[in-house]
Amino acid sequence: MRTWNVLLHGGDYNPGQWLESPEILREDVSLMKQAGCNAFSVGIFDWERLEPEEGRYELDWLAGIIDRLYENGIYTILATPSGARPGWMAEKYPEVMRVNEYGQRDRFSGRHNHCYTSPVYREKVRMMNRALSERFGRHPGVLLWHISNEYGGECHCELCQAAFRAWLRARYGTLENLNRAYWSSFWSHSYASWDQITSPLARVGETAHHTLVLDWKRFVTDQTADFMRAEKEAIRAFSDLPVTTNMMGFYDGLNYGKFRDVCDVISWDNYPHWHNGDEALPARTAMTHDMMRGLKPDEPFLMMESSPSATNWVDVAKLRRPGMHMLASLQAVAHGSDSVLYFQWRKGRGGCEKFHGAVVGHDGTANTRVFRDVAAVGERLKALQGLVGSAFPARVAVVHDMENRWALEEMKGLRNIQHQKGYMEDVLAMYRPFFRAGVNVDVVDMEADFSRYSLVVAPMLYMLRAGAAEKLARFVEQGGTLVGTGWTGIVDENDLCFLGSVPGQGLDTVFGLTETEIDALYDGDRNSLSLTPENGLPFLRRSYEVRELCQLVETTTARTLGVYGSDFYAGTPALTVNTYGRGRAYFLACRTEQPFLDQFLGYLSRTLGLRCLDVDLPEGVSLNERRDADGRAYYFFQNFSDHPAEVTLPAPLSEAETGQPCEGALHLPAYGVKVLTER
Ligand code: GLA
Ligand code: ZN
């Protein structure tokens, strides 16, 4: 649902903080034009100015801002202010404030600390949103609704407890069903009445109910999505404009999959800690874009926030090196964003974000490195307008599933130290080979339609949500290639172990094996994956290092491609492939080193023809493709290394911005990015 016909450039604009300085507000607009900006999110934290006293709405100042922006060719992304409520509300209606897991209610302070259940809060938000919608919902300068801000957190108040119980009743029907799902005879923890159930509060003693914790997280997600739905309904009284909410990538407090339907447009806030020495960071950021877009893989998303310079809340607020701002901005576009938006436009004088990167600093001029970098992005976006609305064609899916992640993090077993079960690390490790090989990827959850992909890579699918196994089986049967790993198919949606052969729900047949025991290794322990010579895979080495987890398997119909090199399971299968229907299912039983994954998944990318272009990329360079409605491809070559790189183009292309022909060697400066199109 796209209402914009240009790539959006701008960001969070907080004129509410500057109402006493009309000259600054006037100056803003001329600076915005100089920076090549055309869209701003307005009103995100302005409730106290929009309703200074209960029931007295003051919207004229906001009308003035929106009008002025519009008259100057700048669109407004209009926010609902529910991310922070005014003092009068907290004082008069304490129930709007959140209660923490120790049972303490927050006072008027900070932001993002309201209860999502409170009928009072919901009613106040409804009235505010209605008022905003009535006044601005059809304003030609307004493009989109920015609902609230970074929904997150949870509330343990009595209202939320009651809502949780109602949610459980709807899910399980009877207490018997719930007790059965919770395996609650364990530690004598059966519930005899609904009132005995509480949220997982901070407790003394050991946690009995993994499923209760899982359900609480599901409830928090559903309650938050329901809150957003209510916000949207209020808007809908007067406005048909699309709504979005700014999400937070892999934030684990919510399952964003449940927001797919309530959001008309997906948007998110991107704050990578560039130059922090993490060599996986460019891929991690790419993966986060792909996960956010993966919520609606056929549509462009919006990068709603990013810092034009340093981010002030990170451990070390390092500046973006020359070139990095352009690269980070165009990386978002390369992955399907129709926008480059910043937090924020102008630095405030006070508060905890006064030193956060902003387009306009305290000097108030255009004469800064940051401003020039931003203006340069504005220029390039203008030259790339043909891209607006274009698709991100992906034939590979990497599965990251939040409910699976919650279940894995909650379970006790394998390795309980450090990075817990290593799920996120596995997802990233599986994603990185595609980043290196120049392959477009959708990162999706278990609710995805796998049939649209050629290759699905699904690490550690410990918990199989309803329908997931069947979908994966059908995908392989119909010719797809699946890559799974150890500790897959162990429990059902309620975290109850499958009895009998695992991976459960028929995945044992798909992979042609049974998982028997799983060995967890201490940090210093190593095993190896030794590739069998006759496996036909063109690997560089015979043997790769294995660490942390070794799943032991017994094959039924699968063929062994590699075996463990040592320990009592030396010589048993560590990498297998099974033909199932018209497709193939690979099973990587162990956690192995990145070079193996790079070669293995790089090999599958080449043989399945999944690369954007038939080209080998130097270290640090990645390539993505967007395709416009006429089928014209845009290739984004991105150099994340701090030295120049060269790519040999497989075919004559042209520079998208200038139309200049481009053949043979493509030179990319350090942190350089070039966009080429088909001739
Ligand atoms: C988040 C918020 C913004 C701002 C930025 C700072 O993304 O949505 O309001 O606090 O962080 O990085
Ligand atoms: Zn509450």
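Preceding block: the structure.
The numbers attached to residues start from 1 for each chain and follow its sequence in the written order. Chain letters start at A and ligand numbers start at 1, both assigned in the order the entries are written. Totals for whole chains, interfaces and linings use every residue, but because this is a predicted model, local features are given only for residues with pLDDT of at least 70 and side-chain atom pairs only at 80 or more, for both listing and counting. Note that the side-chain values use all heavy atoms of the structure and ignore hydrogens as well as water.

Peer 1: Lay out the site of ligand 1 in plain terms, naming residues and giving numbers.
Peer 2: The environment of ligand 1 is formed by Phe45, Arg111, Asn149, Glu150, Asn246, Asp269, Tyr271, Glu305, Trp313, Phe343, Glu353 and His356. One of the side-chain N or O atoms of Asp269 is found 3.4 Å from an oxygen atom in ligand 1. Between an oxygen atom of ligand 1 and a side-chain N or O atom of Glu305, the distance comes to 2.4 Å. Note that accessible areas follow from Shrake-Rupley with a 1.4 Å probe, and for residues the cover is restricted to the protein chains shown. A total of 300 Å² of accessible area belongs to ligand 1 in isolation, and the protein chains cover 96% of it. Nearness of a residue to a molecule or strand requires only that one of the residue's heavy atoms be within 4 Å of it. Whenever a nitrogen or oxygen atom comes within 3.5 Å of another N or O atom, the pair is scored as a polar contact, on the condition that within protein one atom can donate a hydrogen and the other can accept it, and that pairs from neighbouring residues in sequence are kept only if both atoms are in side chains.

Peer 1: Tell me about the coordination of the zinc ion (ligand 2), and name the residues and values.
Peer 2: Tetrahedral coordination by four donors puts the ideal angle at the metal at 109.5 degrees, and octahedral coordination by six puts it at 90 or 180 degrees. Coordination partners: N, O, S within 2.8 Å of the metal, 3.2 Å for Na, K and Ca; water not considered, so apparent gaps in a site are possible. Coordination of the zinc ion (ligand 2) by the protein comes from Cys115 (SG), Cys155 (SG), Cys157 (SG) and Cys160 (SG), over a distance range of 2.2 to 2.3 Å. When four donors show all angles between 85 and 135 degrees the site is tetrahedral, when four or six donors have opposite pairs over 155 degrees and all other angles between 65 and 115 it is square planar or octahedral respectively, and in every other case it is irregular. Bound by four donor atoms, the zinc ion (ligand 2) shows angles of 100 to 116 degrees at the metal and therefore tetrahedral coordination geometry. Between consecutive donor residues of the zinc ion (ligand 2), the sequence gaps follow C-x39-C-x1-C-x2-C. Here Cys155 lies in the loop between strand E4 (142-146) and helix H6 (158-172) and Cys115 lies in the loop between helix H4 (87-92) and helix H5 (119-136), a separation of 40 residues in the sequence. For the pair shown, Cys115 and Cys155 are each scored as buried. For the purposes of this entry, the term helix denotes a DSSP run of H or I that reaches at least four residues, the term strand denotes a run of E that reaches at least two, and both are numbered from the N terminus. Only protein chains enter the accessibility calculation, which uses a 1.4 Å probe; a residue whose area is less than 20% of its type maximum is buried, one above 50% is exposed, and one in between is partly exposed.

Peer 1: Residue-level account of the packing of helix H1 (residues 22-34) against helix H3 (residues 60-71), with values.
Peer 2: At a closest axis distance of 10 Å, the pairing of H1 and H3 adopts a crossing angle of 30 degrees. It follows from the interaxial angle that H1 and H3 lie roughly parallel. Handedness of the crossing formed by H1 with H3: right-handed. Listed contacts from H3 to Leu25, Arg26, Val29 and Met32 of H1 are Ile65, Arg68 and Leu69. Under the scheme applied, nonpolar residues are Ala, Val, Leu, Ile, Met, Phe, Trp, Tyr, Cys and Pro; charged residues are Asp, Glu, Lys and Arg; polar residues are all the others, including Gly. Across the contact of H1 with H3, the residue classes tally to five nonpolar, no polar and two charged. Here the axes come from fitting lines to C-alpha atoms, over the contacting stretch only for helices, and the angles between their N-to-C directions go from 0 to 180 degrees. Put simply, angles under 35 degrees are roughly parallel, angles over 145 are roughly antiparallel, angles from 65 to 115 are roughly perpendicular, and the rest are oblique. In this scheme the handedness of a crossing depends on how the near helix is turned from the far one: anticlockwise by less than a right angle means left-handed, clockwise means right-handed. Residues are treated as being in contact if the distance between any of their heavy atoms lies within 4.5 Å.

Peer 1: Residue-level account of the pairing of strand E15 (residues 527-531), with values.
Peer 2: Counting buried positions along E15 gives five out of five residues, so the element sits mostly inside the fold. Taking every second residue as pointing to the same face, both faces of E15 are buried, with Asn527, Leu529 and Leu531 on one and Ser528 and Ser530 on the other. Strands qualify as paired when DSSP identifies two bridges or more between them. By the bridge criterion, three bridges tie E15 to strand E17 (residues 559-564) in an arrangement that is antiparallel. Bridging across to E17, Leu529 finds its partner in Tyr564.

Peer 1: An account of the environment of Gln34 is needed here, citing residue identities and associated values.
Peer 2: Mapped onto the elements, Gln34 comes out in helix H1. The sequence separation of Gln34 and Val374 amounts to 340 residues, and the corresponding C-alpha distance is 9.7 Å. Once residues within four sequence positions are removed from consideration, Gln34 is found in contact with Ala366, Phe371 and Ala375.

Peer 1: Hey, could you go over a nonpolar patch on the surface for me, with residue numbers and the actual values?
Peer 2: Excluding any residue in a salt bridge, patches collect residues exceeding 30% relative accessible area, merging like charges within 9 Å and nonpolar Val, Leu, Ile, Met, Phe, Trp and Tyr side chains within 5 Å. Should a side-chain nitrogen of Lys or Arg be within 4 Å of a carboxyl oxygen of Asp or Glu, the pair is scored as a salt bridge. On the surface, Trp183, Phe186 and Trp187 cluster together into a nonpolar patch covering about 390 Å² of accessible area. One can find Trp187 in the loop between helix H7 (175-182) and helix H8 (210-236). Residue Trp187 is classed as partly exposed on the basis of its relative accessible area, which comes to 45%.

Peer 1: Give a detailed account of the packing of aromatic side chains, specifying residues and quantitative values.
Peer 2: Aromatic rings from Phe, Tyr and Trp, taking only the six-membered ring of Trp, are treated as a pair when their centres fall within 6.5 Å; an angle between ring planes under 30 degrees marks them as stacked, one over 60 as edge-to-face, and anything in between as tilted. In this structure the tally under the stated criterion is 25 aromatic pairs. Measuring from centroid to centroid gives 5.4 Å for Phe40 and Trp345, while their planes differ by 80 degrees, and the two rings are edge-to-face. Here Phe40 is found in strand E2 (residues 39-42), whereas its partner Trp345 is found in the loop between strand E9 (339-342) and helix H11 (369-383), with 305 residues between them in sequence. Judged by its relative accessible area of 0%, Phe40 is buried.

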